[in-house]
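Fold and geometry: a report
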Amino acid sequence: MAEGNNTDLSSLQTEKLLQFQDLTGIDDMSRCRAILEQHNWDIEVAVQDTLNEAEGLPSAFNQAPANRNADNLPVVNTGPSYQRVITVMRQPQGLQPQGLVGWTFYIFLLPFRFVYSTLLDLIRFTCKCMMSQQYLTGFEMVRSS
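These remarks concern the structure in this document.

Definitions and limits used
Residues numbered from 1 in each chain as written. Predicted model: local features only at pLDDT ≥ 70, side-chain atom pairs only at ≥ 80, totals over all residues. Heavy atoms only, no water. Helix = DSSP H or I, 4+ residues; strand = E, 2+ residues; numbered from the N terminus. Salt bridge = Lys/Arg side-chain N within 4 Å of Asp/Glu carboxyl O. Buried < 20%, exposed > 50% of the residue type's maximum accessible area, 1.4 Å probe, protein only.

This part covers unusual backbone geometry. One non-glycine residue with positive phi stands out, namely Asn 40, at about 55°. Positionally, Asn 40 belongs in the loop between α3 (29-38) and α4 (43-55). Even without being a glycine, Trp 41 presents a positive backbone phi close to 60°.

Okay, the pattern of salt bridges next. Counted under the stated rule, the structure contains two salt bridges. Put simply, Asp 8 and Arg 33 hold a salt bridge, and the shortest N to O gap is 3.1 Å. With Asp 8 in the loop between α1 (2-6) and α2 (11-24) and Arg 33 in helix α3, the pair connects residues that are 25 residues apart, well separated along the chain. Given a relative accessible area of 14%, Arg 33 falls into the buried group. Taking the shortest distance from any N to any O, the salt bridge between Glu 37 and Arg 33 comes out at 2.9 Å. Taken together, the residues Glu 37 and Arg 33, both in helix α3 and four residues apart, mark about one turn of the helix.

In C-alpha cells:
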C-alpha cells in the first residue's frame, strides 16, 4: 500500500517523506504525505507544525486570512482632505551655485576655500600629532615608574 502511494513521487519527495516520517514518528505514509503536501513539501514547516499540534499548541503556519486578527491592521486614512505627503530630501554638501552671479562668486572664492581648508587640515594634523606625542611621553613616564 505504501509503495502504491510512492510511485508518483520524485526521489527528492520520497526522501523528504521518509525523513519526515523519521522525525515525527508517524507510521502512516499516506498521512505523512498529506501533511507534506499541505505544507508544499517544506519539511521544516511540516515538522514544526506537526510537533506543535502534538503538544497542543496552535498551528503557526498556513493560517487562513479569516483567522488573523483584524485589529492588527493599520488604520488607513482615505479622506483626501486629511492626507499628508511627506518627502525627505538630502541636504546638499554645500551651497550649489546658481546663475551667472553664483558661478562667478563660486569660481572667485575657489582658491580661498582651497587654501583655507588645506591650512585647517594641516593645523588639525599637527595638533593630533602633538597630542599623540604627549600621550606617548606620559605613557613612558608611567611605565618607567
